[in-house]
Amino acid sequence: MASGSRAPAPEDSDRAMNPGRRGEKAVSALSGDVAAAGTLKSSASPVRPVVASSRPVKGKGGREVARRRLQLQPAPQAEGPGEGAAEEEEEPLPSVPEEEEGEAQPLPRVCVSAMRGMWREEKVALYCDEVLQGCKAEDADEAMSNYLSGKLKLKDKWLGVWKTNPELFFLKYEEASIPFVGILVEATCTPRQSSTSCFRVTVSVAEPFSSNIANIPRDLVNEVLEELEHSVPLLEVYPVEGQDSEIHDIALALEVVRFFYDFLWRDWDDEESCDNYTALIEERINLWCDIQDGTIPGPIAQRFKKTLEKYKSKRVELIEYQNNIKEDPSAAEAVECWKKYYEIVMLCELLKMWEDLRLRVHGPFFPRILRRRKGKRDFGKTITHIVAKVMTTDMVKDLSSDTFLQQHDDLDLALDSCYSGDTVVIYPGEYQAVNLALLTDDIIIKGVGKREEIMITSEPSHDSFVVSKADNVKLMHLSLIQQGTVDGIVVVESGHLTLENCILKCEGTGVCVLTGASLTIKDSEITGAQGAGVELYPGSTAILERNEIHHCNNFRTSDSSKSILGGVNMKVLPAPKLKMTNNHIYNNNGYGVSILPPTEQFFIVEAFNKGAASGDKKDENRLSKVMQNLNLEMSDNQMEANVKGDMRIVTS
């Protein structure tokens, strides 16, 4: 338990005793949304709507009688929730036993969400550029209200399906068979009176009376609406098909707001300063897309979802505990609040790690290589593995007569057959190999022919692409093409890895050299990394010679320390060692080289820029001193067109 980790600050105590006081204005208005479908939209809202005690009691006696009739007997297991609105509506309607009134009509189809077909870039543009428009976190509620109210002006009345919590109607029910109660209603939108009034809407039962519960009493529905004063959360109402085109725009706007509060909003957003909130939203959209398209493997994605749900439930638990304290809290109650609060803080920090791509990669989510090193063969010989569909005499004519050969048409099988000292020779073609992420023995992997024609692509459903912990691994004359893997395109966990005459086309992070590991890259090209092309962790070693590193860090970020990343990034505690000679580092979105010392107060130094003032001796001396302390050798490197500049030294 984290409660004993430090003495809390006064604001911590205040938050522990009042965890729901921030960011509640949108949450309270949206409290019931999506809960019917099994998704808690905001952790600060109750698990279910509270009706009886806080609203008029008109008709309460009759309603209680009706509710007692609505006790469903155990029903056969239905399809799991979350299969989509269309599938849910086409299933046989559940019925209420012992009911004599006429049956409700089946619900009409709701408008299919246009967001389902949006690409990642389209979602980013929609939220960051159109809806939020660069606003701060504390203004996000207002931005969503303005966006939604603008769309609601298109039509003041329309038909929709009100999907609400079954607990409004049932005393007992099977959650799997009734994920929600749906009623066809006419929604009337009125001009909003406050920043959150557009999140509620006036509804009345529409004709013909329709529901997903075959014989739900219409009188009961009317009584429930009267208790609610015919005002329900707008996001619980889903416009139906067959209406004007404007209704589709309203349906999209509702889905945009639902998705924002379901997945993109966090309770801590308006409690913490964020220089670029839209960039943070982009990172969360990328996380959601990575989960949906399998970039983050299913078991890992489930771990994240469980952590998010646990955070939400713990926050609700704390709010309910705090609300049950009638007077000034006793010492025991205060301690219990603290315990619950700090547990929430721990989960909050864990979730933040998921939102940072680099922390997600090298945080506590991905296991390191667990394969044991094979070592050399018992008979002491090494084997050359030929990877090609067909082996010809031309392929082996340059090999010595005593070379042991083994031919494979699958790169994965070749790697799985390797022992220390073996060589894998790859001929032109396209290959995939999950065993590249399990390099534990000292082998050489080299292509024969043009490097552009020997293409090895990552498997999108796997965590990593190339990961090495061998003493000495070489990759030569290859193209590594990253497709969706979250990890760095190449990760050196320990030992030494050499890349020579290779092309590295990144989609995730670039080449990562972890603490204590070493890397040599020669005559290679690195491009497209989300972050630095080469990232040196504390205590690592790297030699870079005659390489091209370009077009890296091409994504928004809310963290100013990450926006500087570009060609090469060094984390300094303890100092890594880097030797750079004859490299061309250009067109990166951050700096050509960025260095993060632990404590010294260094400032921006652009000693490599053409046209630098000749009198900047003080900065040049400071840079020289830092380079000496870091074991950083740089000579004959060409840096140009890097957006932020060529080099920067910053405090960590």
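Here is what the cut-offs are and how they apply
- Numbers given for residues are sequential positions, taken from 1 along each chain in its written order.
- The model is predicted, so local features are restricted to residues of pLDDT at least 70 and side-chain atom pairs to those at 80 or more, both for listing and for counting; the totals for chains, interfaces and linings are taken over all residues.
- The side-chain numbers reported here are obtained from all heavy atoms of the structure, hydrogens and water having been left aside.
- A run of H or I in DSSP becomes a helix once it reaches four residues, and a run of E becomes a strand once it reaches two; helices and strands are each numbered from the N terminus.
- Think of a polar contact as two N or O atoms within 3.5 Å of one another; within protein, one of them needs to be a possible hydrogen donor and the other a possible acceptor, and neighboring residues in sequence only count if both atoms come from side chains.
- The cut-offs for exposure are 20% and 50% of the maximum accessible area for each residue type, with area from a 1.4 Å probe on protein chains only; residues under the lower value are buried, those over the upper are exposed, and the others partly exposed.
- Two strands make a pair as long as DSSP finds a minimum of two bridges between them.
- Expected helix span is given by 1.5 Å per residue-to-residue step, counting one fewer step than there are residues.
- Within this analysis, the arc is defined by the directions that extend from the helix axis to the C-beta atoms.
- A contact between two residues is defined here by any heavy atoms of the two lying within 4.5 Å.
- Axes, fitted as lines to C-alpha atoms, cover a helix only where it is in contact. Angles between the N-to-C directions of the axes lie from 0 to 180 degrees.

Trainee: Tell me what's going on with the environment of Ser468, and back it up with residues and numbers.
Mentor: Locating Ser468 in the fold gives a position in strand E12 (residues 466–468). Expressed as a C-alpha distance, the spacing of Ser468 and His496, which sit 28 residues apart in the sequence, is 8.1 Å. Polar side-chain contacts of Ser468 include one of 3.4 Å to the backbone nitrogen of Ala470.

Trainee: Hey, could you go over the side chain of Asn212 for me, with residue numbers and the actual values?
Mentor: Mapped onto the elements of the fold, Asn212 is located in the loop between strand E3 (200–205) and helix H7 (218–227). At a separation of 2.9 Å, a polar atom in the side chain of Asn212 contacts the main-chain carbonyl oxygen of Phe180.

Trainee: Could you give an account of the pairing of strand E2 (residues 181–188), naming the residues involved and the relevant values?
Mentor: Counted residue by residue, E2 has six buried out of eight residues, so it is predominantly covered. Note: strand E1 (residues 157–164) against E2, eight bridges, orientation antiparallel. Residue Thr164 lies in a different strand from E2, and its bridge partner there is Val181. Two elements, E2 and E3, share four bridges in a ladder whose sense is antiparallel. Bridge assignment links Glu186 to a residue of E3, and that residue is Ser204.

Trainee: A description of helix H5 (residues 120–131) should follow, citing residues and the corresponding values.
Mentor: With 12 residues, H5 should reach 16 Å at 1.5 Å per residue; the first-to-last C-alpha distance of 16 Å fits that figure. Those residues of H5 that fall on the buried side of the exposure criterion are Lys123, Val124, Leu126, Tyr127, Cys128 and Val131. Buried residues of H5, seen end-on, are gathered within an arc of 160° and therefore sit on one face of the element. At its buried positions, H5 is contacted by helix H6 (140–152), helix H8 (245–264) and helix H9 (277–292). A positive backbone phi angle near 50° is found at Gln133, which sits one or two residues after H5.

Trainee: Quick rundown of the sheet that holds strand E7 (residues 404–408)? Include the residues and the values.
Mentor: Taken in spatial order, the 10 strands line up as E7-E6-E8-E10-E13-E16-E19-E22-E25-E28 in an open sheet, and their pairing is parallel. Sheet topology places E7 and strand E28 (632–635) at the edges, where each strand pairs with a single neighbour. Sheet twist, expressed as the average angle between the axes of neighbouring strands with direction ignored, equals 10°. With three bridges connecting them, strand E10 (residues 444–447) and strand E13 (residues 472–476) associate as parallel partners. Residue pairing across strands places Ile444 opposite Lys474, the latter belonging to E13.

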